[in-house]
Amino acid sequence: MRLLNLEPYMLRPQYSLPAYILPALMSVGIAFAANANELSIAVQKVPDSLDPALENSNVNQRIMWSLFNTLVTVDYRDGGKMVPGLATDWDVISPRTVEFKLREGVTFHNGDSFDAEDVAYTFSPERLQREGGSSGTTVVTKPFLGGIENVEVMDPMTVRITMKEPDAIIVQRFANYPSQILSKEGLKEADSQEDYSKHPIGTGPYRLVDYELGEHVTLEAFGNYWGEEKAAAEKVTFTVVPEVSTRIAGLRSGQFDIITEVGPDSLEQINKAPNTQSAGGPVENIRGLIYDSTNDILDDPSIRQAMNLAIDRQAIVDSLYHGRTEVPHGWQLDIFGDMFLADRSTPEYDPERARSLLDEAGYDGEEIVYRTQNAYYTNEIETAQILQSMWTEVGLNVKLDVKETWAQVMEDTEDRHIFNGSFTAYYPDPMGQFWRRFGPNGGWAQEDVFEVEPEMLRLGDTLSTSPDLEERRRVFSEMLDIFQADPDGAALHLLTQFFGVNTDRIELDPMPTLYLDLTTSGVRYQDQK
């Protein structure tokens, strides 16, 4: 087997600290973190919308944990166990219906009391089926909450939710994104639904005080928070600093307490500094690719199979991540518990078979366009360059097309062939990851990136509705076999989330998720230890 020399294809950014960097930072109006009770966090981007229903992104999830709560809470520090949240108890009345008893004494950030009307509004067609934002809420929420038939207010502190079909994960749906509860009265105080999406009102440990699109988000501790774990800081500011080298410089200078989206190549530099350390690692998310099979090149599954067989995933993990993440066993994670199929292997690497498939398909060097952004994901452009080289080795002609925004990436033109994606396990089940993303209600199927075949639809219906564990395991295995033969994407590795932390000031204990916990469970000040 021929081994690839990856070094020529890898961009290795050098992060130095020139003398002018600190004055430059100050000149863009970023203040040094001086108040011991404040947190300054440098991010690569802030969300375009703060309404969970309008944006599904890592930059939005980073802030959600601070602003909102769900009816049921996932305890990521205890194996993903479901515990009471805004609901103190729940009863699955039938495979289609669940009833929640709501928590008394909860206050929204605007001072209003939480009750069943807020739950009914949160899951109403008024909110979930309007168009707006970057994708429109119908597209964003449909894989999660599109199955809701009715929400009944039984009394002020009891709500009953009925699904259109039997739902194998009926409780889990209300324990995670995008089921964060918003204030109904808050909508009346806003000028419009769109305005409310920029200043939503939740019940979380922090409340929103300032939001400037493309610049910063500022939160402050909410004194009437109901939960046991309170806000760790009086004030938190997420400031956009696009360049990772500038974020690192600000961390080392003491300007920032936390920096996000740190690449593995920067971890040693951060760890060697006397006042900084790295934190984080793999999260419950698969970093992957999506293939648009609606064009004349990639409509042939043999070519997509060949693309997958040409990828040496372990080489990417070793070279770009220094072994600090792993290759998944296909489209699944061990958090699936009883639904995790441990006997399935990691994706196969077989460049010789890839070449044979291309010959059989009659591929003759037609250009395949791979749209990527530069750094939305950690090591995004570096990964794209390595993939391009691997595909070139088997005879594929892949062109990189670097875009600035997701709108440009997703533009529906003939040359939309390959693009990047991530696959968060929002629920500990294939329904929360594989079928959510590749099923008929997923955003990519809705946007005609690919068509879900009838046999997959039949199996997916069983996966979604059956209460029988063994039947669901068998069906999921069949679905993975079909997908392997006719792939709409490629699983690469577990997504990583690395932070840099100013250890002179704080300790950070990240969760294995894209949510950032800024309560006293996640952040501890050094002077309070």
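Residue positions are given per chain, counted from 1 along the sequence in the order it is written. Local features in this predicted model are restricted to residues of pLDDT 70 or higher, and side-chain atom pairs are both shown and tallied only at a pLDDT of 80 or more, whereas totals for entire chains, interfaces and linings draw on every residue. In computing side-chain properties, one takes all heavy atoms of the structure into account and sets aside hydrogens as well as water.

S.K.: Would you explain the nonpolar core in this entry?
M.R.: For soluble globular proteins, nonpolar side chains are generally found buried alongside one another. The set of buried Ala, Val, Leu, Ile, Met, Phe, Trp, Tyr and Cys residues whose side-chain atoms join them within 4.5 Å is what this entry labels a nonpolar core. For each residue, the accessible area found with a 1.4 Å probe, counting protein chains only, is set against the maximum for its type, and the residue is called buried under 20%, exposed over 50%, and partly exposed in between. Counting residues in each nonpolar core, the largest one holds 107 residues, and the members touching the most others are Leu71 and Phe238. Going along the chain from the N terminus, every DSSP run of H or I of four or more residues is numbered as a helix, and every run of E of two or more is numbered as a strand. It is helix α18 (residues 469–485) that contributes the most residues to this core, 5 residues altogether. The contacts of Leu71, once residues within four sequence positions are left out, are Pro84, Gly85, Leu86, Ala87, Phe100, Leu102, Phe114, Val119, Phe123, Phe174 and Ile181. Note on definitions: a residue-residue contact is assigned when non-hydrogen atoms from the two residues lie within 4.5 Å.

S.K.: Quick question: what am I supposed to make of the packing of aromatic side chains here?
M.R.: Within a pair of aromatic rings, the relevant descriptors are the distance that separates the centres and the angle that separates the planes. Pairing of aromatic side chains here covers Phe, Tyr and the six-membered ring of Trp, requires ring centres within 6.5 Å, and sorts the geometry by plane angle: under 30 degrees stacked, over 60 edge-to-face, intermediate tilted. For the structure shown, the criterion picks out 28 aromatic pairs. Taken together, the ring pairs in this structure connect Trp331, Phe336, Phe419, Phe423, Phe434, Phe438, Trp444, Phe450, Phe476 and Phe483 into an aromatic cluster. In this arrangement the basic side chain of Arg437 is found over the ring face of Phe423, its NZ or CZ atom lying 5.5 Å from the centre. Placement of a charge over a ring requires the Lys NZ or Arg CZ to be within 6 Å of the ring centre, with the centre-to-atom vector within 35 degrees of the ring normal.

S.K.: Before we go on, may I ask you to explain the packing of helix α17 (residues 454–465) against α18 in this structure?
M.R.: A pair of packed helices can be characterised by two numbers: the angle between their axes and the separation between those axes. Orientation is described by lines fitted to C-alpha atoms, with helices fitted over the stretch in contact, and by angles between N-to-C directions that extend from 0 to 180 degrees. Where α17 meets α18, the closest approach of the two axes is 9 Å, and the angle between their N-to-C directions is 155 degrees. The orientation of α17 relative to α18 falls into the category roughly antiparallel. Crossing handedness for the pair α17 and α18: left-handed. Side by side, α17 and α18 meet where Glu455, Met456, Leu459, Gly460, Thr462 and Leu463 of the first sit next to Glu471, Arg472, Val475, Phe476, Glu478, Met479, Ile482 and Phe483 of the second. Looking at the contact of α17 with α18 residue by residue, the class counts come to 8 nonpolar, 2 polar and 4 charged. We call two directions roughly parallel when the angle between them is under 35 degrees, roughly antiparallel when it is over 145, roughly perpendicular when it lies between 65 and 115, and oblique otherwise. The crossing is said to be left-handed when, going from far helix to near helix, the turn is anticlockwise and less than a right angle, and right-handed when the turn is clockwise. Residues are grouped as follows: Ala, Val, Leu, Ile, Met, Phe, Trp, Tyr, Cys and Pro are nonpolar; Asp, Glu, Lys and Arg are charged; all remaining types, including Gly, are polar.

S.K.: How should the sheet that holds strand β6 (residues 148–155) be read in this particular structure?
M.R.: By way of backbone hydrogen bonds, the strands of a sheet pair with one another, either parallel or antiparallel. Reading across from one edge, β4-β5-β7-β6 is the order of the 4 strands in this open sheet, with antiparallel pairing throughout. At either end of the open sheet lies a strand with only one pairing partner, and these are β4 (87–94) and β6. Neighbour-to-neighbour, the strand axes of this sheet turn through a mean angle of 20 degrees, independent of strand direction. In short, DSSP must find at least two bridges between two strands for them to pair.

S.K.: How should I be thinking about helix α10 (residues 301–309) in this particular structure?
M.R.: A large share of α10 lies buried, amounting to 7 of its 9 residues. The complete set of buried residues in α10 reads Ile303, Arg304, Gln305, Ala306, Met307, Asn308 and Leu309. Counting of polar contacts relies on pairs of N or O atoms within 3.5 Å, with two restrictions inside protein: one atom must be capable of donating a hydrogen and the other of accepting it, and residues adjacent in sequence are counted only when both atoms are side-chain atoms. One side-chain oxygen at the N-terminal end of α10 lies 2.9 Å from the backbone nitrogen of Ser302; it belongs to Asp300.

S.K.: Looking at this structure, I do not really get the pairing of strand β1 (residues 38–43). What am I missing?
M.R.: On a regular strand, one side chain projects to one face of the sheet and the next to the other, so that they alternate. Of all 6 residues in β1, 5 are buried; the element is thus mostly enclosed. Strand direction decides the pairing type here: β1 and strand β10 (residues 235–240), joined by 6 bridges, are parallel. Bridge pairing in β10 places Val43 opposite Val240. The sheet contact formed by β1 and strand β11 (residues 258–259) spans 2 bridges and is parallel. Directly across from Ile41, in β11, lies its bridge partner Ile258.

S.K.: Before we go on, may I ask you to explain unusual backbone geometry in this structure?
M.R.: Leaving glycine out, the prevailing phi sign among residues is negative, and the prevailing peptide bond configuration is trans. Of the consecutive residues Tyr177 and Pro178, the connecting peptide bond is found in the cis state with omega at -5 degrees. Here Pro178 lies in the loop between β7 (158–163) and α6 (184–189). Residue Glu261 is not a glycine yet carries a positive backbone phi of 50 degrees. Locating Glu261 in the fold gives a position in the loop between β11 and α9 (267–272). Even without a glycine there, the phi angle at Asp448 is positive, about 60 degrees. Summarising the element assignment, Asp448 is placed in the loop between α16 (443–446) and α17. Residue class for Asp448 comes out partly exposed when judged on its relative accessible area of 48%.

S.K.: In this structure, what is going on with the packing of α10 against helix α12 (residues 351–361)? I would like to understand it.
M.R.: Two elements in contact, α10 and α12, have axes separated by 8 Å at closest approach and are oriented at 165 degrees. Compared by their axis directions, α10 and α12 come out roughly antiparallel. Pair α10 / α12 crosses with left-handed handedness. Contacts between α10 and α12 involve Ser302, Ile303, Gln305, Ala306 and Leu309 from the first element and Pro351, Arg353, Ala354, Leu357, Leu358 and Ala361 from the second. For the contact of α10 with α12, the per-class residue count stands at 8 nonpolar, 2 polar and 1 charged.

S.K.: When you look at the sheet that holds strand β12 (residues 276–291) in this model, what are you seeing that I'm missing?
M.R.: Spatially, 10 strands are ordered β8-β9-β10-β1-β11-β16-β12-β15-β13-β14 in an open sheet, and the strand pairing comes out mixed. The strands lining the two open edges of the sheet, one partner per strand, are β8 (206–212) and β14 (397–403). Note: β12 against strand β16 (residues 489–502), 12 bridges, orientation antiparallel. Pairing of Gln277 across the sheet is with Val501, part of β16.

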